[in-house]
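Survey of secondary and tertiary structure
Now for the letters of each chain:
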Amino acid sequence: AAAIQAQYIARAKSRDRALTKEEVGKLLRAVYISGMRRSHKLAIHLLLLTMVRKGELVGAKWEHLDLTGGEWHIPETKIGKPHVVYLSPQAIALFTELENLSSGSPWVLPARTNRQMSIALSSLNVAIRALGLEISDFVLHDFRRTASTHLHEAGFPADVVEKALWHTI
């Protein structure tokens, strides 16, 4: 059985979950009133604001950020290429707070026990699940789809939205 490739057994189901504006508000309010670590709260908020993949934020180092210029240079992404994320004033404020919380660590989101390592990739998922919210079938990656959906509905050009998400066009 180990020799059989997964693609011949089953097909991955495409996700189409996008949160409504009301669900986004409910989620953010729950995050900020929860007892989760402040850095996790800010990280979840940044996922919404920047539309990056969770792994890109978890793997972010301070050397990649230019908060004065409002740019985050991600050296390598899922598609194997660098990407520049232009930061809103709100994102800059969140990163500035994270910088103070990181206590000189090279990582934007350092591990609690070893500041020379980043948090685990699953840390933010665990924090969200601990909230026990009544938002059906939600995972953190759905923030990207949510952003895409709302930006398209607001009339932004598709190529601009796809470029911001760093999708191959």
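Our structure's up above, just so we're on the same page.
The notes below deal with the structure included here. (Residues numbered from 1 in each chain as written. Predicted model: local features only at pLDDT ≥ 70, side-chain atom pairs only at ≥ 80, totals over all residues. Heavy atoms only, no water.)

**As for the sheet that holds strand S3 (residues 83–86)**
Two orientations exist for strands paired in a sheet by backbone hydrogen bonds: parallel and antiparallel. Basically, it comes down to this: Any two strands with at least two DSSP-identified bridges between them are counted as paired. A run of H or I in DSSP becomes a helix once it reaches four residues, and a run of E becomes a strand once it reaches two; helices and strands are each numbered from the N terminus.
Ordered by their spatial adjacency, 3 strands build an open sheet running S1-S2-S3, and the pairing between neighbours is antiparallel. Strands at the two margins of the open sheet, each flanked by one partner only, are strand S1 (65–66) and S3.

**What about the packing of helix H2 (residues 38–50) against helix H5 (residues 123–130)?**
Worth spelling out the cut-off: In this description, a line fitted to the C-alpha atoms serves as the axis of each element, helices being fitted only across the stretch in contact, and the angle between N-to-C directions of two axes falls anywhere from 0 to 180 degrees. Roughly parallel refers to an angle under 35 degrees, roughly antiparallel to one over 145, roughly perpendicular to one between 65 and 115, and oblique to any angle outside these ranges. Note on contacts: a residue pair is in contact if any heavy atoms of the two residues lie within 4.5 Å. Ten residue types, Ala, Val, Leu, Ile, Met, Phe, Trp, Tyr, Cys and Pro, are classed as nonpolar, four, Asp, Glu, Lys and Arg, as charged, and the remainder, Gly among them, as polar.
Taken N-terminus to C-terminus, the directions of H2 and H5 make an angle of 100 degrees; their axes are 10 Å apart at the nearest point. One way to sum up the angle between H2 and H5 is to call them roughly perpendicular. Contact residues: H2 offers His40, Ala43, Ile44 and Leu47, while H5 offers Ser123, Leu124, Ala127 and Ile128. In terms of residue class, the contact of H2 with H5 is built from 6 nonpolar, 2 polar and no charged.

**As for the pattern of salt bridges**
Stated precisely, the cut-off is as follows: Here a salt bridge means any side-chain nitrogen of Lys or Arg lying within 4 Å of a carboxyl oxygen belonging to Asp or Glu. For every residue, the accessible area obtained with a 1.4 Å probe (protein chains only) is divided by the maximum for its type, and the residue is called buried under 20%, exposed over 50%, and partly exposed between those limits.
Taken as a whole, this structure holds 3 salt bridges when the rule is applied. As a salt-bridge pair, Glu97 and Arg38 come within 2.7 Å of each other at their nearest N and O atoms. Of the two residues, Glu97 is situated in helix H4 (residues 89–101) and Arg38 in helix H2; the sequence distance between them amounts to 59 residues. The class for Glu97 is partly exposed, based on a relative accessible area of 28%. Among the ionic pairs, Arg145 bridges to Asp142, the shortest N-O distance being 2.7 Å.

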